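# Descriptive analysis of the structure
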Amino acid sequence: DTSVIAQLGWPDMRLPLLYAMSWPNRVKMPYSRLDLVQLGQLTFRAPDREKYPCMDLAYAAGRRGGSMTAVLNAANEAAVELFRMEKIHYLEIPRVIEGVMGRHEKDHVAMPSLEDILAVDEEARRLAPEVVAGLATRVTMK
């Protein structure tokens, strides 16, 4: 019927973080509800793929399907942890994810079992530091 159903909220991470910490319960918060009348208008733009390169990696993993989405998730978590430990620059996170996904391609499983998913998750996490070591150019930490 071409209709669109949307869940709308403030454009920040307060609500997703709150859900993550309180699920399955809902917690009352002291900030006001989104008032569409007061807001007046909504503006939509195409995402900036250069500014957010991980989005294309997520779409690619989704299109590939199978074990690749588990690899994307594990590589992302591993890369973020390497960033938190100050072993890589924030801007290197997508390069690490892309490298791990590329290495996984030869081992891709189209219809993974739970055991397959756990194995590729472990392997992706193991590969992330290797990918960092193999980066031809590095972003300097300041």
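These numbers come from a predicted model, not from an experiment.

Here the structure, examined in full by the defined rule, presents 10 salt bridges. Between glutamate 81 and arginine 84 there is a salt bridge; the shortest N-O distance is 2.8 Å. With glutamate 81 and arginine 84 both in helix 4 (residues 68–84) and 3 residues apart, this pair spans about one turn of that helix. Via salt bridges that share partners, Arg103, Glu123, Arg126 and Glu130 belong to a single interconnected network.

What follows deals with unusual backbone geometry. For the bond from tryptophan 23 to proline 24, the omega torsion is 10°, close enough to zero to count as cis. Its place among the elements puts proline 24 in the loop between helix 1 (14–22) and helix 2 (36–39). For threonine 2, which is not glycine, the phi dihedral falls at a positive 65°. Mapped onto the fold, threonine 2 is located in the segment before helix 1. In the Ramachandran plot, glutamate 86 falls in the positive-phi region, its phi being about 60° despite a non-glycine side chain.

So, about the environment of arginine 125. Position of arginine 125 among the secondary structure elements: in helix 6 (residues 114–134). Remark: the alpha-carbon pair of arginine 125 and methionine 111, spanning 14 residues in sequence, is separated by 21 Å. The contact partners of arginine 125, leaving out residues within four places of it in the chain, are Asn73, Ala74, Glu77 and Ala78. A distance of 2.6 Å separates polar atoms of two side chains, one belonging to arginine 125 and the other to glutamate 77.

Per-residue confidence for the protein averages 92 on the pLDDT scale, and 96% of its residues sit at or above 70. Least confident of the elements in the protein is helix 1, whose mean pLDDT is 84; most confident is helix 3 (residues 53–64), at 98.

A few words on helix 6. In a regular helix each residue adds 1.5 Å, so 21 residues correspond to 30 Å; helix 6 covers 30 Å between its end C-alpha atoms and thus fits that length. Of all the bends in helix 6, the largest measures some 30° and sits at leucine 127, one to four residues before the proline proline 129. Buried residues of helix 6: Val120, Ala124, Leu127, Ala128, Val131 and Val132, and no others. Residues of helix 6 that are buried sit in contact with helix 4 and helix 5 (93–104).

Conventions we followed
- Residues numbered from 1 in each chain as written.
- Predicted model: local features only at pLDDT ≥ 70, side-chain atom pairs only at ≥ 80, totals over all residues.
- Heavy atoms only, no water.
- Salt bridge = Lys/Arg side-chain N within 4 Å of Asp/Glu carboxyl O.
- Helix = DSSP H or I, 4+ residues; strand = E, 2+ residues; numbered from the N terminus.
- Contact = heavy atoms within 4.5 Å.
- Polar contact = N/O pair within 3.5 Å; in protein donor to acceptor, adjacent residues only side chain to side chain.
- pLDDT = per-residue confidence, 0-100.
- Expected span 1.5 Å × (residues − 1).
- Bend = angle between axes of the 7 residues up to and from the residue.
- Buried < 20%, exposed > 50% of the residue type's maximum accessible area, 1.4 Å probe, protein only.

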